[in-house]
Amino acid sequence: MMPLKKCHEFFNPRRMNNAYSLGPLSLLVTLALNLTFAEDALIENPGNNGPLDFIRVSNDGKRFVYNESKKEFKIWGVNYDHDRQGRLLDEYWETEWETVVADFLEIKKLGANCIRVHLQFGKFMITPKEANPIALAKLAKLVQLAEKIGLYLDVTGLACYHKQNIPPWYDSLSEQSRWAAQAIFWESVAKVCAGSSAVFCYDLMNEPILTGNKPKVEWLSGELDGKFFTQRISLDLKGRSRDEVAEAWVQQLVTAIKKHDQEHLITVGVIPWIFVFGGGKPLFHGPRAGRHLDFTAVHFYPERGKLEKAVKALKAYELGKPLVIEEMFPLKCGIDEMMTFVNRSAEHADGWISFYWGQSAEEINQKATPTIGEAITAKWLDRFKAHGLETFQMPN
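Peer 1: Describe the environment of lysine 109, and please don't skip the residues or the numbers.
Peer 2: One can find lysine 109 in helix α6 (residues 97-109). Spatially, the C-alpha atom of lysine 109 lies 9.9 Å from that of serine 360, the residues being 251 residues apart in sequence.

Spelled out as structure tokens, the structure:
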């Protein structure tokens, strides 16, 4: 493979600036072109075994299969939600595309077969009714990159993680208008992704939540290190049941996607409140809202010494559909316990997605004084890689 330093000359941001000066149409044409020579040079040997096959749900509805061979497929992937500086993908992909390419290649080397990308609403929508053509063209290029390297994409949308990227007009919209803008976001994304076998699924929103009987004034909730990963879909139930609101929201967005794409799978990645609170029932994957979704996606961070509780809670999300643990990391437990959870959950789950934050284990280990968090990440990436290469390689 060509050393990364030698490829930097091909990725000159000035080339993009020239495209901007030619106007929107020329820019779109420029961005939508096939992978550049520089990218082809960087991707000399990505380990891809040929064109990706579409992933479907099996006829019995309980597992994932390759469309052509009908062989079972299990997800082993990473969230590519932010880089080592905390920046989200669509905040640097225009000027640092070579970083994205290098990270995708590193993720492939980890033994992963899927990358979960998080798209910010504010980067993709100019007005409530108009999507950003530049962002959509970049997404098209990302899909093409995944095809080239041989990685599936879990496309998660409507992110509002960074408040500074939320348009002022967005939070002032009524619930009805907000949902309508979200539907246009998904229509626009689906137009780009339709037809690509590299797209595994669409995740409507990361960790949506609903208010209780008391109305709220803020759409976002749960700040973590300057990011807001949870988002309300309604501020006021107005006499409606939580199941009613969840179903209406899911149905509207699924309908928007299916206007342009009837092939790819759709889900919602949720906090497993049954695990958090020790009881309750699924909402977005319950009988009403869940009937519009193709599989169940939950986010699990097992706690030290509470492995049995985590496995028991996971069982509650076995709903006759494929089940993906869409987020996991040894955040609250040790690495050995995390891997034990993976092995114990194999009886119930059809996929696992951890995290990659732009630094390989090798890079971290070369540091003179890595932080505790970095040291844990490096050790986990090594275990993740070993397990992935042994267990989840895609067929020839």
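Peer 1: Kindly report on helix α8 (residues 133-149), identifying the contributing residues and their values.
Peer 2: In this model, α8 (17 residues) spans 24 Å end to end at C-alpha, consistent with the 24 Å of a helix rising 1.5 Å per residue. For α8, the N-terminal cap is asparagine 132; the gap from its side-chain oxygen to the backbone nitrogen of isoleucine 134 is 2.9 Å. Once α8 finishes, glycine 150 follows within two positions and takes phi at roughly 95°, a positive value.

Peer 1: Describe in detail unusual backbone geometry, supporting the description with residues and values.
Peer 2: One non-glycine residue with positive phi stands out, namely leucine 158, at about 65°. Among the secondary structure elements, leucine 158 is positioned in strand β8 (residues 152-159). You will see that aspartate 225, though not glycine, has its phi angle at about 55°, which is positive. Exposure remark for aspartate 225: the relative accessible area of 74% places this residue in the exposed category.

Peer 1: Can you explain the sheet that holds strand β5 (residues 114-120)? Please cite residues and give values.
Peer 2: Around the barrel, which closes on itself, the 8 strands sit in the order β4-β5-β8-β9-β13-β14-β15-β16 with parallel pairing between neighbours. On average, each strand axis in the sheet is inclined to that of its neighbour by 25°, with strand direction left out of account. Set on the sheet, α8 makes contact with β5, β8 and β9 (199-206); between it and β8 the angle comes to about 155°.

Peer 1: Run through the packing of aromatic side chains, naming residues and quoting values.
Peer 2: The tally for this structure, following the rule as stated, stands at 25 aromatic pairs. Aromatic pair phenylalanine 73 and phenylalanine 200: ring centres 6.4 Å apart, planes at 55°, arrangement tilted. With phenylalanine 73 in strand β3 (residues 72-73) and phenylalanine 200 in strand β9, the pair connects residues that are 127 residues apart, well separated along the chain. Take phenylalanine 73 and phenylalanine 200: they sit in the same class, and that class is buried. An aromatic cluster of at least three residues, connected via ring pairs, comprises Trp93, Phe121, Phe124, Trp169, Tyr170, Phe185, Trp186 and Tyr202. In this arrangement the basic side chain of arginine 178 is found over the ring face of tyrosine 170, its NZ or CZ atom lying 3.9 Å from the centre.

Peer 1: I'd like a rundown of a nonpolar patch on the surface, residues and numbers included.
Peer 2: A cluster of nonpolar side chains, namely Trp273, Val276 and Phe277, defines an oily patch on the protein surface of about 340 Å² accessible area. Here phenylalanine 277 lies in helix α11 (residues 273-277). Exposure remark for phenylalanine 277: the relative accessible area of 64% places this residue in the exposed category.

Peer 1: How would you sum up the pattern of salt bridges? Please name residues and give values.
Peer 2: In total, this model carries 19 salt bridges according to the counting rule given. Note that aspartate 336 is salt-bridged to arginine 383, the shortest N-O span being 2.8 Å. Of this pair, aspartate 336 sits in helix α13 (residues 335-345) while arginine 383 sits in helix α15 (residues 372-391), placing them 47 residues apart in sequence. Classification of aspartate 336 as exposed rests on a relative accessible area of 53%.

Peer 1: Tell me about the pairing of β9, and please be specific about residues and values.
Peer 2: Among the 8 residues in β9, 8 count as buried, and that is most of the element. Bridge analysis of β8 against β9 gives 4 bridges, and the strand direction is parallel. Across the sheet, residue aspartate 154 finds its bridge partner in β9, namely cysteine 201. Following the backbone out of β8, through helix α9 (residues 175-193) and into the adjacent parallel β9, one traces a crossover that is right-handed.

Peer 1: Please give an account of the packing of α8 against α9 that cites residues and values.
Peer 2: Packing of α8 against α9 brings their axes to within 9 Å, and their N-to-C directions diverge by 40°. Taken together, the axis directions place α8 and α9 in an arrangement best described as oblique. Crossing of α8 over α9 shows right-handed handedness. Residue-level contacts link Leu136, Leu139, Ala140 and Val143 of α8 to Ser188, Val189, Val192 and Cys193 of α9. Considering only residue class, the contact of α8 with α9 consists of 7 nonpolar, 1 polar and no charged.

Peer 1: So what's going on with helix α10 (residues 242-258)? Which residues, and what values?
Peer 2: Relative to the 24 Å expected for 17 residues at 1.5 Å per residue, α10 spans 24 Å between its end C-alpha atoms, a close match to the ideal helical length. Next to the buried residues of α10 lie β8, α9, β9, β10 (208-209) and β13 (265-270).

Peer 1: Describe in detail the sheet that holds strand β2 (residues 64-66), supporting the description with residues and values.
Peer 2: Backbone-to-backbone hydrogen bonds join strands into a sheet, with any given pair of strands oriented parallel or antiparallel. Strand order in the open sheet made by the 3 strands is β1-β2-β3, with antiparallel pairing throughout. The sheet terminates laterally at β1 (55-57) and β3, the two strands that pair on one side only.

Peer 1: Can you lay out the side chain of histidine 82 for me, pointing to particular residues and giving the numbers?
Peer 2: Tracing the backbone through its elements, the reader meets histidine 82 in the loop between β4 (75-80) and α5 (89-92). Taking the relative accessible area as the measure of exposure, histidine 82 reaches 18% and is therefore buried. Reaching out from histidine 82, the side chain makes a polar contact with the side chain of tryptophan 357 at a distance of 3.2 Å. The contact partners of histidine 82, leaving out residues within four places of it in the chain, are Arg87, Leu88, Lys227, Tyr356 and Trp357.

Peer 1: Can you explain the pairing of β4? Please cite residues and give values.
Peer 2: In terms of burial, β4 is a largely internal element, 6 of the 6 residues being buried. Inspection of the sheet shows β4 paired to strand β16 (residues 351-355) by 5 bridges, in the parallel sense. Counterpart to valine 78 in the pairing with β16 is serine 354. Across 4 bridges, the pairing between β4 and β5 is parallel. Each residue of the ladder has a partner; that of tyrosine 80, found in β5, is valine 117.

The rules behind these values
Residues numbered from 1 in each chain as written. Predicted model: local features only at pLDDT ≥ 70, side-chain atom pairs only at ≥ 80, totals over all residues. Heavy atoms only, no water. Helix = DSSP H or I, 4+ residues; strand = E, 2+ residues; numbered from the N terminus. Expected span 1.5 Å × (residues − 1). Polar contact = N/O pair within 3.5 Å; in protein donor to acceptor, adjacent residues only side chain to side chain. Buried < 20%, exposed > 50% of the residue type's maximum accessible area, 1.4 Å probe, protein only. Pairing = 2+ DSSP bridges. Axes fitted to C-alpha atoms, helices over the stretch in contact; angles between N-to-C directions. Contact = heavy atoms within 4.5 Å. Phe/Tyr/Trp six-rings, centres within 6.5 Å; stacked < 30°, edge-to-face > 60°. Lys NZ or Arg CZ within 6 Å of the ring centre and 35° of its normal. Patch = residues over 30% accessible without salt bridge, like charges linked within 9 Å, V, L, I, M, F, W, Y side chains within 5 Å. Areas by Shrake-Rupley, 256 points an atom, 1.4 Å probe, with all protein chains shown as cover. Salt bridge = Lys/Arg side-chain N within 4 Å of Asp/Glu carboxyl O. Right-handed = clockwise from strand over helix to strand, strands pointing away. Parallel < 35°, antiparallel > 145°, perpendicular 65-115°, else oblique. Left-handed = near helix turned anticlockwise from the far one by under 90°. Nonpolar A, V, L, I, M, F, W, Y, C, P; charged D, E, K, R; others polar.

Coordinates in, geometry out; function isn't part of it.
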